[in-house]
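Observations on the three-dimensional arrangement
The chain contents come next:
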Amino acid sequence: MVVFVRTIILYIFVTLAMRLMGKRQIGELQPFELVVALMLSELATLPMQDTAIPLIHGIIPILTLMTLEILISFLTLKVEFFRKLFCGTPDILIKHGKVSEEELRRQRFNLDDLIEELRMMGYLDIADIEYAILETSGKLSIIPKAEKSPATREDLNLNHQSVKLPVSIILDGVLNKKNLSITGHDLNWLMENLKSKGIEDIKDVFIAMIDSKGNLFIQRRDKDEEKNKK
Amino acid sequence: MKKRIKSNIKTSLIILLLFSSITSIGLLVNNFLNNTSYSLLNSICVIQLNIEHDNWDVSYNEIMKLKSEWEKDKKIWSALIHHDEIDKISENMELLIEYIKAKDKTNSLSHIAVLKNYIEHIPELDKLSLQNIF
């Protein structure tokens, strides 16, 4: 039972810590963020299992790591010196279709890995690549030569409509009034549209949203589900 | 511009607040452990003197007072230090009570020495020193 309660407390604490550290923590990790993520998981599990360890011995290091992470993120955001120190700098592995031996050796990145990465990104020939940049997060960014890069609508002189942000209005039978007002429509407009699709009640709608083209997309709830909800 | 400065100040204040809370908690814990262990050690010294002078009744009363004091402190200590340390102290105290009851001078004094050592060791564990850091 003690372990159960401790687990709940530590889970909430670690989740809050991760949340406070910001969104970057869950996505692309910088070296210092990876260290924090690894340490956090280890620190939380020890007092979770061993009831002889006071909870504070888990909470204080997590709190300290969280503070350090916020401090380092702040410093790397504001001061270039710290950015270079903690995050490093991107390295150019291929320049104008030529692999940089020096950089590969420095990054301990072997040719097989490089060619594999290129293949995975859809580039078969090194000569087609203008730049291949090894980012600070460890990912490889490829900039193909102009003649090898995919054509855009602009290149082909095709008309294009600007894309709008999709906004959900009803999710699982629940109306989001705030989102409805963002779209510039009112409840009457929504009800009219629902009626035209043969829906009388908002609760019967599984999903209703304004899509990227500005059209209203409506999906009715399954008949069985409808009965259950009612 | 103003918004950016405001956000920078806010982040700096959060970092400062977090660091100061962590260090304050650390100092408070250290201070609490120092004070309580000092008080426990004082009581143990009184018991030791009484045992040395064969005042067994006084020693027994004093050890029972010490036990009730320890029971109170133990609750807070268990939130701050490893429970093995607390168990060792409790175990030794129980043995000491029995030796005092049996008026066994040699064993009582040896357990007093062990108990003193365990209690002295607690604030040492949490002290900010090079020895503890490395």
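All values derive from a computational prediction rather than experimental measurement. (Residues numbered from 1 in each chain as written. Chains lettered and ligands numbered in written order. Predicted model: local features only at pLDDT ≥ 70, side-chain atom pairs only at ≥ 80, totals over all residues. Heavy atoms only, no water.)

**Observations concerning the nonpolar core**
What counts here: Throughout, nonpolar core names a set of buried Ala, Val, Leu, Ile, Met, Phe, Trp, Tyr and Cys residues whose side chains join them through atoms within 4.5 Å. Between buried and exposed lies partly exposed: a residue is buried under 20% and exposed over 50% of the maximum accessible area for its type, with that area taken using a 1.4 Å probe on protein chains only. Every helix listed is a DSSP run of H or I at least four residues long, and every strand listed is a run of E at least two residues long, numbered separately from the N terminus. The criterion used for residue contact is that any of the two residues' heavy atoms lie within 4.5 Å.
Of all hydrophobic cores here, the largest spans 24 residues; its most connected members are Ile63, Trp77, Ile89 and Ile119 of chain B. Secondary-structure elements contributing two or more residues to this core are α1 (2-52), α2 (56-77), α3 (83-101) and α4 (105-126) of chain B. In terms of residue count, α1 of chain B provides more of this core than any other element does, 7 residues in total. Excluding residues that lie within four positions of it along the chain, tryptophan 77 of chain B makes contacts with Phe32, Leu33, Thr36, Ser37, Leu40, Trp70, Ile86, Ile89, Ile119 and Ile122 of chain B. Counting 15 residues, the second largest nonpolar core, distinct from the first, contains Ala17, Met21, Ala44 and Ile70 of chain A.

**Thoughts on the UniProt feature "transmembrane region" (unreviewed entry) in chain A**
Quick reminder of the rule: UniProt positions are given in the numbering used here, feature names are shortened, and annotations may be inferred rather than shown by experiment.
Within the UniProt annotation, "transmembrane region" (unreviewed entry) is assigned to residues 6-22 and 55-77 of chain A. Taken end to end, residues 55-77 of chain A has its terminal C-alpha atoms 33 Å apart, with 96% of it in helix and 0% in strand.

**Concerning the UniProt feature "transmembrane region" (unreviewed entry) in chain B**
The UniProt entry lists residues 12-33 of chain B under the feature "transmembrane region" (unreviewed entry), expressed in the numbering used here. Helix and strand shares over residues 12-33 of chain B are 100% and 0% respectively, and the end C-alpha atoms of the span are 32 Å apart.

**Structural notes on the side chain of asparagine 179 of chain A**
All names here are of chain A. Following the sequence through the fold, asparagine 179 ends up in helix α7 (residues 177-182). Since its relative accessible area comes to 17%, asparagine 179 is described here as buried. With residues near it in sequence (within four places) discarded, asparagine 179 still touches Val167 and Ser168.

**Brief notes about the sheet that holds strand β4 (residues 140-144) of chain A**
All names here are of chain A. How we decide: Two strands pair if DSSP finds at least two bridges between them. Axis definition: a line fit to C-alpha positions, over the contact stretch in the case of helices; interaxial angles, taken between N-to-C directions, run 0 to 180 degrees.
One open sheet holds the 4 strands; their spatial order is β2-β1-β3-β4, and the pairing between them is antiparallel. The sheet terminates laterally at β2 (98-99) and β4, the two strands that pair on one side only. Note: strand β3 (residues 129-134) against β4, 5 bridges, orientation antiparallel. Directly across from tyrosine 131, in β4, lies its bridge partner isoleucine 143. Strands in contact with helix α6 (residues 111-120) are β1 (91-95), β2, β3 and β4; relative to β4, the strand with the most contacts, it is inclined by about 65°.

**A few points about the sheet that holds strand β7 (residues 205-210) of chain A**
Residues and elements named next belong to chain A. Taking strand neighbours across the sheet as the criterion, the 4 strands line up as β6-β5-β7-β8 in an open arrangement whose pairing is antiparallel. If you trace the sheet from one side to the other, it starts and ends with β6 (174-175) and β8 (216-220), each paired once. Inspection of the sheet shows strand β5 (residues 167-171) paired to β7 by 4 bridges, in the antiparallel sense. Bridge pairing in β7 links leucine 171 to isoleucine 207.

**Here we look at the packing of aromatic side chains**
All names here are of chain A. We apply this condition: Any two rings among Phe, Tyr and Trp, with Trp reduced to its six-membered ring, count as a pair given centres within 6.5 Å; such a pair is stacked if its planes are under 30 degrees apart, edge-to-face if over 60, and tilted if neither.
Scanning the entire structure with this criterion turns up 3 aromatic pairs over all chains. Both rings, one in phenylalanine 81 and one in phenylalanine 82, keep their centres 5.4 Å apart while their planes meet at 70°; by these two values the pair is edge-to-face. The class of phenylalanine 82 is partly exposed, set by a relative accessible area of 24%. Consider the rings of phenylalanine 82 and phenylalanine 86, whose centres lie 6.3 Å apart with planes at 15°: the pair is stacked. One end of the pair, phenylalanine 82, and the other, phenylalanine 86, are both in helix α4 (residues 80-87), 4 residues apart, so they sit about a helical turn from each other.

**Thoughts on α2 of chain B**
All names here are of chain B. The following threshold applies: Under the convention used throughout, the expected extent of a helix is 1.5 Å for every residue step, that is, one less than its residue count.
Under the 1.5 Å per step criterion, the end-to-end length of α2 is 29 Å for 22 residues, consistent within 8% with the ideal 32 Å. Burial in α2 covers these residues: Trp56, Ser59, Glu62, Ile63, Leu66, Trp70, Asp73 and Trp77. On its buried face, α2 is in contact with α1, α3 and α4.

**Details of unusual backbone geometry**
Residue and element names in this part refer to chain A. You will see that arginine 108, though not glycine, has its phi angle at about 50°, which is positive. By the element assignment, arginine 108 lies in the loop between α5 (101-106) and α6. Of note, aspartate 172 is a non-glycine position whose phi angle comes to about 50°, a positive value. Here aspartate 172 lies in the loop between β5 and β6.

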